[in-house]
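As a plain string of letters, each chain reads:
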Amino acid sequence: MKIAFLGLGRMGTELALKLVDEHDLTVWNRTPEKTEPLVARGARAAGIPAEAVEGAELVITSFFGPDVVREVVIQPGLIPEGVTWADATTISPADADEFAAAVPGFVHTPVVGSLPPAREGKLGVYVGGADASRRSLVADVVSPWAAANPERLRQVETAAQASVGKLIANLALAVTIEGFKEALDLGASQGLGAEQVVGMLKSTGLEFIVNMKAPFLLGERDTAPGDFSVDAIAKDARLMLATADRNLPAVAAALGSLEAQQSAGRGDEDFSSVVVYRD
């Protein structure tokens, strides 16, 4: 299939690499150098978004947030008439409804997971849109993203439902990293070191986030560049707070910790910074 892929950040690059061997891929990114890994694998780089989508049968986008989607796709009317557009950007349900109203061929395809599972084809993927035939087409194309666990590729009836699924998944990351941080603080108040607390958190409800982020805490990995940035999950937490019609105090607390890392200049580092730099 002739596919245009726009947005080659950390995750977008991994998603595009899963498609480049099977499809005729044209790629675009605001920073042209980021197209190089795809070009090396056989993709063609476009100079502007309009060039990328010309003649495409499917357009896939993966941007930092909904404002970039509006700037690059919605405002210039980028998607050609009749073409399916699959967007992997993390957005709110209201954003999803807006984009679906603007582009009849819109299918929301957010992914759940970070860079290591992306490389291994172990992401979760939501595929949501009102048109069942377009959903099916997109689900088939993006199936390599979840090839190692195909049961995690889920079709839902609307783009908004897909966006909620992604926000809920990232809510779990935000509140559990805050729980990990507070467990470390509680342990430290009683003289326990980080390794001791990590050991105590095994077989608890925080084990998933501990297994994911303990290597950063214990100095086995550096938070720069990491897998999932502070800026990205803080942006997602703000979307959660703006979407909910009731208070989300745990998300608010997590956002406070994330914003402290942003203020310290660590926005582009892994969000494990919340537990690594607690003082």
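See the structure above.
Residues numbered from 1 in each chain as written. Predicted model: local features only at pLDDT ≥ 70, side-chain atom pairs only at ≥ 80, totals over all residues. Heavy atoms only, no water.

K.L.:
For this particular structure, what's the right way to read the pattern of salt bridges?
P.N.:
A side chain of one charge can pair with a side chain of the opposite charge when the charged atoms of the two come close. Considering all chains together, one arrives at 17 salt bridges under this definition. Note that R70 is salt-bridged to E98, the shortest N-O span being 2.8 Å. Here the residue R70 occupies a position in helix α4 (residues 66-74), and E98 occupies one in helix α5 (residues 93-102), the gap between them amounting to 28 residues. On the basis of relative accessibility, which here comes to 18%, the residue R70 falls in the buried class. Salt-bridge contacts for R134 lead to D131; the nearest nitrogen and oxygen are separated by 3.6 Å. Counted as one network, the salt bridges with shared partners bring together D67, R70, D95 and E98. (Salt bridge = Lys/Arg side-chain N within 4 Å of Asp/Glu carboxyl O. Helix = DSSP H or I, 4+ residues; strand = E, 2+ residues; numbered from the N terminus. Buried < 20%, exposed > 50% of the residue type's maximum accessible area, 1.4 Å probe, protein only.)

K.L.:
Help me out: how do you make sense of helix α12 (residues 249-263) in this one?
P.N.:
Note: α-helices contain 3.6 residues per turn, so residues at a spacing of three or four share the same orientation. Its 15 residues give α12 an end-to-end C-alpha distance of 21 Å, which sits within 8% of 21 Å, the value for a rise of 1.5 Å per residue. Looking one or two residues beyond α12, the residue adopting positive phi is G265, at roughly 85°. (Expected span 1.5 Å × (residues − 1).)

K.L.:
Even after reading the chapter, I still don't get the packing of helix α11 (residues 230-243) against α12, so can you show me in this structure?
P.N.:
Packed helices, taken two at a time, are described by their axes: the angle between them and the distance between them. Where α11 contacts α12, the two axes come as close as 9 Å, and the packing angle between them is 145°. Considering how the two elements wind past one another, α11 and α12 form a crossing that is left-handed. Residues V230, D231, I233, A234, A237, R238, M240 and L241 of α11 pack against V251, A252, L255, L258, E259, Q261 and Q262 of α12. The residue makeup of the contact of α11 with α12, split by class, is ten nonpolar, two polar and three charged. (Axes fitted to C-alpha atoms, helices over the stretch in contact; angles between N-to-C directions. Left-handed = near helix turned anticlockwise from the far one by under 90°. Contact = heavy atoms within 4.5 Å. Nonpolar A, V, L, I, M, F, W, Y, C, P; charged D, E, K, R; others polar.)

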